[in-house]
Amino acid sequence: MSYSTADSFRPVTVDDVRGAQKMLSGVARVTAMEGSRHLSQMVGAPVHLKCENLQRTGSFKLRGAYVRIAGLLPEERAAGVVAASAGNHAQGVALASALLGVRSTVFMPKGAPLPKVSATRDYGAEVRLHGQVVDETLAAAQEYAAETGAVFIHPFDHPDIIAGQGTVGLEILEQCPEARTILVGIGGGGLAAGIAVAVKSLRPDVRVVGVQAAGAAAYPPSLAAGRPVSVENPATMADGIKVGRPGDVPFGIVGELVDEVRTVSEDELSAALLLCLERAKLVVEPAGASPVAALLSEPGAFEGPVVAVLSGGNVDPVLMERVLRHGMAAQGRYLAVRLRLTDRPGALATLLGALSVVDANVLDVSHVRTDPRLGLTEAEVELHLETKGPAHCAEVGQALREAGYTVIG
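The structure reproduced in this document is the subject of the present report. Because the structure is a prediction, the values reported are computed rather than measured.

### Some words on the sheet that holds strand 8 (residues 207-213)
Now for step 1: In space, the 6 strands of this open sheet follow the order 1-2-10-7-8-9, with mixed pairing throughout. At either margin of the open sheet sits one strand with a lone partner, and together these are strand 1 (33-35) and strand 9 (260-264). Ignoring which end each strand starts from, the neighbouring axes of this sheet average 25° apart.
Now for step 2: Where strand 7 (residues 181-185) and strand 10 (residues 306-310) come together, 3 bridges link them in parallel fashion. Directly across from L183, in strand 10, lies its bridge partner A308.
Now for step 3: Most of the contacts of helix 8 (residues 159-175) go to strand 2 (residues 47-51), to which it runs at about 140°, and overall it touches strand 1, strand 2, strand 7 and strand 10.
Now for step 4: Relative to the sheet, helix 13 (residues 290-297) contacts strand 2, strand 7, strand 8, strand 9 and strand 10, its axis offset from that of strand 10 by approximately 140°.

The following block contains the structure:
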């Protein structure tokens, strides 16, 4: 596929996306479109979830990687391919290469989650751990490509990648032809650009909205400047969209075809992940939950029917635990209480009894008797409680005060 990055020329066409769809037949799954009653009630219009978290390798990345590698010349395939990624792109390249009989080498940061490293190896790639951050890993992969002649497979900045990701957009229109708004997470921009090409070519009335994590939002300043600009030290739990600079190729498409780019907070991301798990019974990584976070942020802002693209489900179990706790705290379902009581036998049991009356679940207790701030007969107790929400938190506090306890923090 030939292309230009000139603003007046769209580098990927709907015919490219249709060609990619044919190429991916029998390779990538046509992932499910699930309705969400809870989100529909919140938005006041039908909300559907496009479940790319259930795609092979756990994300949409297989689509673009396969199309890119399948399009290589025979001599390029013989030289092998190389990629750099902390997870999803690594697995997509590894599986695509295995399916096409191409040797693959994937560079991953030394701190990459072990499940993602193991999965990439299991799909057949040679994994090399290098650097502490993706930028260092990327440089190592490009150096390897220059030294060996292996073809570097960029995660988003290539027309073939964008065409492959655009097949998600074709599926959305086939599965939900009445859609009025599509929400999609944006990192480098490959998925959003591909969906926009497919959807706007066939249904220009459909609104395409990109969603970025506020701590790694390179697109808003780039769009304002009219060119890709870098965000220094991007920081977010959503590593799948933690990209410091938009890709040159997707940037032109996003600027032309994506109607709006919104940002969401870390609290909104964790709350969205928790909602997907509890209400939709879907394991979704923070980047994949970003469209749901946008719905939670401003549910009345989107014309329905709405399709939210859950782009991936590869979440490290350790991160999942932290994010779930963060999400529950953001929803007022955790409460930390510090109070003083008389240091006598049975005092702690009496306190716990008062909490049981209001149905607060005690997760952790810290009991301090030796502190210069305490009186001779005093003890300080810090409790971490699981509650049912802000109203229940207020009820717990009121019950403790009525029982004669002084809450000090």
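Picking up after the structure, the text goes on.
### A few points about the pattern of salt bridges
Now for step 1: For the structure shown, the criterion picks out 15 salt bridges.
Now for step 2: For the salt bridge of R128 with E126, the shortest nitrogen-to-oxygen distance reads 3.0 Å.
Now for step 3: We classify R128 as partly exposed; its relative accessible area is 34%.
Now for step 4: The exposure class of E126 is partly exposed, given its relative accessible area of 39%.
Now for step 5: Between E303 and R180 there is a salt bridge, and its shortest N-O distance comes to 3.2 Å. Here E303 is found in the loop between helix 13 and strand 10, whereas its partner R180 is found in the loop between helix 8 and strand 7, with 123 residues between them in sequence.
Now for step 6: Ionic contacts of the salt-bridge type, sharing partners, join the residues K50, E52, R63 and E171 into one network.

What counts and how
Residues numbered from 1 in each chain as written. Predicted model: local features only at pLDDT ≥ 70, side-chain atom pairs only at ≥ 80, totals over all residues. Heavy atoms only, no water. Pairing = 2+ DSSP bridges. Helix = DSSP H or I, 4+ residues; strand = E, 2+ residues; numbered from the N terminus. Axes fitted to C-alpha atoms, helices over the stretch in contact; angles between N-to-C directions. Contact = heavy atoms within 4.5 Å. Salt bridge = Lys/Arg side-chain N within 4 Å of Asp/Glu carboxyl O. Buried < 20%, exposed > 50% of the residue type's maximum accessible area, 1.4 Å probe, protein only.

These values are about where atoms sit, not about what they do.
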